[in-house]
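So you can see what is in the structure, the chains are spelled out below.
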Amino acid sequence: SQKDKQLVGRKLSQTEVNRALQGIRDEVVRIDSSTGVRKKFLAVPITSDNQVVGAVYMIASMEEVYQTVRQIAKILATGTLIALLLTMILGFALARTMTQPIHEITVQARRMAGGAFDREVSVYSQDEIGVLAQTFNEMGKQLGQALHQIEEERHRLSLILAFMSDGVIASDPEGRVLLMNQSAQ
């Protein structure tokens, strides 16, 4: 700026300059009281034959640096928010892919407890949940077949008891009658 150009070639009594003339490099960031702009003040001693013969004094605005830092912070914050949003979406989708098959298995287990063995659970994948669904379907088939065989055996037994000429009575250990054919009646 015009004010800074007026300082070139003039003797300054700034603390940084005085320290540089004593052989101490000095650098500080301060806010310019007239403009409110952050500036970096740097004073470097100039030596000749190990003696200080002068100093270089530089003033540079730090506003561009701080503005760049603010922009980087905004980019990082935006990136973090986008990453969190994507993580939430992926987490929800992943949770749904896990809970949907388990929910179907639970619903089918309740149906099977009520005696319905006609439906199968959908197998969505070949991972642990997919293997669980396949195993559940196989178990349902085997349980349905076992119940069907028991029903057939019960029907055969009731036919045999009904057409027997001898009387048959079955009771529990306390003497209560559990089963009796027509001949025994």
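Our structure is the block above this text.
In short, a report on the structure. The residue count restarts for each chain, going from 1 along the sequence in the order it is written. For a predicted model such as this one, the threshold for reporting local features is a pLDDT of at least 70, and the threshold for listing and counting side-chain atom pairs is 80 or more; totals across whole chains, interfaces and linings nevertheless cover every residue. Heavy atoms from the whole structure form the basis of all side-chain values; hydrogens and water molecules are not counted.

1. Let's talk about the overall build of the protein chain
Along its length, the protein chain carries four helices and five strands. The globule rule used here is 2.2 Å times the number of residues to the 0.38 power, and the radius of gyration it is set against is calculated over C-alpha atoms. Taken over the C-alpha trace, the protein chain has a radius of gyration of 46 Å; the compact-globule value for 185 residues is 16 Å, which it surpasses by more than 25%. Along the first, second and third principal axes, the C-alpha set of the protein chain runs to 135 × 30 × 30 Å. Any two residues whose heavy atoms approach within 4.5 Å at even a single point are treated as in contact. In the protein chain, the proportion of contacts linking residues at least 24 apart, taken out of those at least 6 apart, comes to 28%. Accessible surface, the protein chain as shown: approximately 14500 Å² in total, 58% of it carbon and sulfur. Between the centroid of the 20 positive side chains of the protein chain and the centroid of its 20 negative side chains there is a distance of 20 Å. Only DSSP runs of H or I covering at least 4 residues are called helices, and only runs of E covering at least 2 are called strands; the numbering of each starts at the N terminus. Each accessible area is a Shrake-Rupley result for a 1.4 Å probe, and residues are judged covered by the shown protein chains and nothing else. All tallies of charge rest on Lys and Arg as positive and Asp and Glu as negative; His and the ends of each chain are not included. Note on charges: their place is set at NZ of Lys, CZ of Arg, CG of Asp or CD of Glu.

2. A look at the pattern of salt bridges
Any Lys or Arg side-chain nitrogen located within 4 Å of an Asp or Glu carboxyl oxygen qualifies as a salt bridge. A full pass over the atoms with the stated rule returns 10 salt bridges. Linking Glu120 and Lys141 is a salt bridge whose minimum nitrogen-to-oxygen distance equals 3.4 Å. Residue Glu120 is found in the loop between helix H3 (63-113) and helix H4 (128-163), and its partner Lys141 is found in helix H4; the two are separated by 21 residues along the sequence. The class of Glu120 is partly exposed, set by a relative accessible area of 49%. Three exposure classes are used, based on accessible area relative to the maximum for each residue type with a 1.4 Å probe and protein chains only: buried under 20%, partly exposed in between, and exposed over 50%. For Lys141, a relative accessible area of 42% puts it in the partly exposed group.

3. Thoughts on the environment of Arg30
When you line up the elements, Arg30 lands in strand S1 (residues 26-31). A relative accessible area of 32% places Arg30 in the partly exposed class. On a C-alpha basis, the gap between Arg30 and Glu120 in space is 75 Å, while along the polypeptide they are 90 residues apart. Not counting residues within four places of it along the chain, the set of residues in contact with Arg30 comprises Gln14, Glu16, Val37, Arg38, Lys39, Phe41 and Tyr57.

4. Let's talk about the side chain of Glu104
Tracing the chain through its elements places Glu104 in helix H3. Buried charge Glu104 goes without a salt bridge, the closest partner of opposite sign being Arg119 at 7.2 Å.

5. Overview of a nonpolar patch on the surface
Each patch is built from residues that are more than 30% exposed by relative accessible area and take part in no salt bridge. Like charges join if they lie within 9 Å; nonpolar side chains (Val, Leu, Ile, Met, Phe, Trp, Tyr) join within 5 Å. Side chains of Ile82, Leu85, Leu86, Met88 and Ile89 sit close together on the surface and give an oily, nonpolar patch of about 510 Å² of accessible area. Take Ile89: it is sitting in helix H3.

6. Brief notes about the packing of aromatic side chains
Paired rings are identified among Phe, Tyr and Trp, the last through its six-membered ring, by centres lying within 6.5 Å, and are further divided according to the angle between planes into stacked (under 30 degrees), edge-to-face (over 60) and tilted (the rest). Within the structure shown, the criterion is met by one aromatic pair. The interplanar angle of 25° and the centroid separation of 6.4 Å between the aromatic rings of Phe41 and Tyr57 together place this pair among those described as stacked. Remark: Tyr57 occurs in strand S3 (residues 51-61) and Phe41 occurs in strand S2 (residues 38-48); sequence separation between them is 16 residues. Residue class for Phe41 comes out buried when judged on its relative accessible area of 10%. Among the residues examined, Tyr57 registers a relative accessible area of 19% and is labelled buried. Criterion for a charge above a ring: Lys NZ or Arg CZ within 6 Å of the ring centre, and within 35 degrees of the ring normal. The ring of Phe41 has Arg30 sitting right over it, with the charged end atom 4.4 Å from the ring centre. Sitting above the plane of the Tyr66 ring, Arg38 keeps its charged end 3.8 Å from the centroid.

Keep in mind these numbers describe shape, not what the thing actually does.
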